[in-house]
Amino acid sequence: MELIVISDTKLKVILTEEEMESYGLIGEGEEEPPRTAVERLLADIRRLSGFDAVNARVLVQLWRDRSGGGEMFVTRLSGTGSGGRREEYRMRRGRVLYSFDGIDAMTAACRVLAGRAYGGVSDAYRGEDGVWYLSLEDEDDGEEPGILGVLSEYGVRRSGTVLTFLTEHARLIARGSAVDALAPLAR
């Protein structure tokens, strides 16, 4: 297990397939992992790093990678867990990342995806270098051409390692539903 502190309230956890299995985080199909499995992992994270997400309200996002392992982002929300603990556990399919030379190309791509009823999770970033990025849940399971295949007309597909770079060197513009938020801005 690799732990990367992103901020005082956010932690990235990289897990191998064996670790995912040992914590019981691998469900059947799109089934969400049981709450107890996530709580056990959070307790181990607190023990190893001091990052306390056990006694707080948290948002847990878990993505599986193609190797069978996964990346988990743990965000500590304001307030404590007593009486109002709220969790959101969602297994996510693989992520793909595209870069765009300008905001116009990215919003045009979002308009096309929205027109094709893209329903996956999407995040938009602006890099320090002025490049725009769109991170998308891969509804096509990596097969092109699919609903995401059209993006190559507007931008360039990037490796997943760029997403890690973005957390440090880019500004988050829209989280969760960037396609829906940016599509109306297309010219």
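Note: the structure precedes this text.
Worth saying up front: this structure is predicted, and the values here are computed from it rather than measured.

A short note on the pattern of salt bridges
Taken as a whole, this structure holds two salt bridges when the rule is applied. One salt bridge in this structure joins Lys12 and Glu71, with 3.8 Å as the shortest N-O distance. With a gap of 59 residues between them, Lys12 in strand 2 (residues 10–15) and Glu71 in strand 4 (residues 70–80) connect regions that are remote in the sequence. One salt bridge connects Arg187 with Asp104, and the closest N-O pair in it is separated by 3.4 Å. Of the two residues, Arg187 sits in the segment after helix 5 (178–182) while Asp104 sits in helix 3 (residues 103–115), which places them 83 residues apart along the sequence.

Describing the sheet that holds strand 9 (residues 156–158)
Spatial strand order, 9-6-8-7-10: five strands in an open sheet with antiparallel pairing. Looking at the sheet topology across the chains shown, the edges are occupied by strand 9 and strand 10 (170–174). Shown here is a sheet whose adjacent strand axes are inclined to one another by a mean of 30°, direction ignored. Pairing of strand 7 (residues 122–127) with strand 10, which is carried by four bridges, proceeds in the antiparallel orientation. The partner of Ala124 across the bridge, within strand 10, is Ala174. Helix 3 contacts strand 6 (95–100), strand 7 and strand 8 (132–137) of the sheet and is inclined by roughly 20° relative to strand 8.

Some remarks on helix 2 (residues 35–49)
Given a rise of 1.5 Å per residue, 15 residues ought to cover 21 Å, and the 21 Å separating the end C-alpha atoms of helix 2 matches this to within 8%. Inspection of helix 2 places Ala37, Val38, Leu41, Leu42, Asp44 and Ile45 among the buried residues, and these make up the whole buried set. All buried residues of helix 2 fall inside an arc of 160° around its axis, so they share one side. Turned more than 90 degrees off the buried face of helix 2, the exposed positions are Thr36 and Arg47. One or two residues past the end of helix 2 sits Gly50, with phi positive at roughly 85°.

Digging into unusual backbone geometry
Despite not being glycine, Ala117 shows a phi value in the positive range, around 65°. Note that Ala117 resides in the loop between helix 3 and strand 7.

Quick notes on helix 3
For helix 3, with 13 residues, the first-to-last C-alpha span of 18 Å sits near the 18 Å given by 1.5 Å per residue. Considered for burial, the residues of helix 3 that qualify are Met106, Thr107, Ala108, Ala109, Cys110, Val112 and Leu113. Where the residues of helix 3 are buried, they touch strand 6, strand 7, strand 8 and helix 5. A positive backbone phi angle near 65° is found at Ala117, which sits one or two residues after helix 3.

Analysis parameters
- Residues numbered from 1 in each chain as written.
- Predicted model: local features only at pLDDT ≥ 70, side-chain atom pairs only at ≥ 80, totals over all residues.
- Heavy atoms only, no water.
- Salt bridge = Lys/Arg side-chain N within 4 Å of Asp/Glu carboxyl O.
- Helix = DSSP H or I, 4+ residues; strand = E, 2+ residues; numbered from the N terminus.
- Pairing = 2+ DSSP bridges.
- Axes fitted to C-alpha atoms, helices over the stretch in contact; angles between N-to-C directions.
- Contact = heavy atoms within 4.5 Å.
- Expected span 1.5 Å × (residues − 1).
- Buried < 20%, exposed > 50% of the residue type's maximum accessible area, 1.4 Å probe, protein only.
- Arc of directions from axis to C-beta.

So yeah, pure geometry; function would need other evidence.
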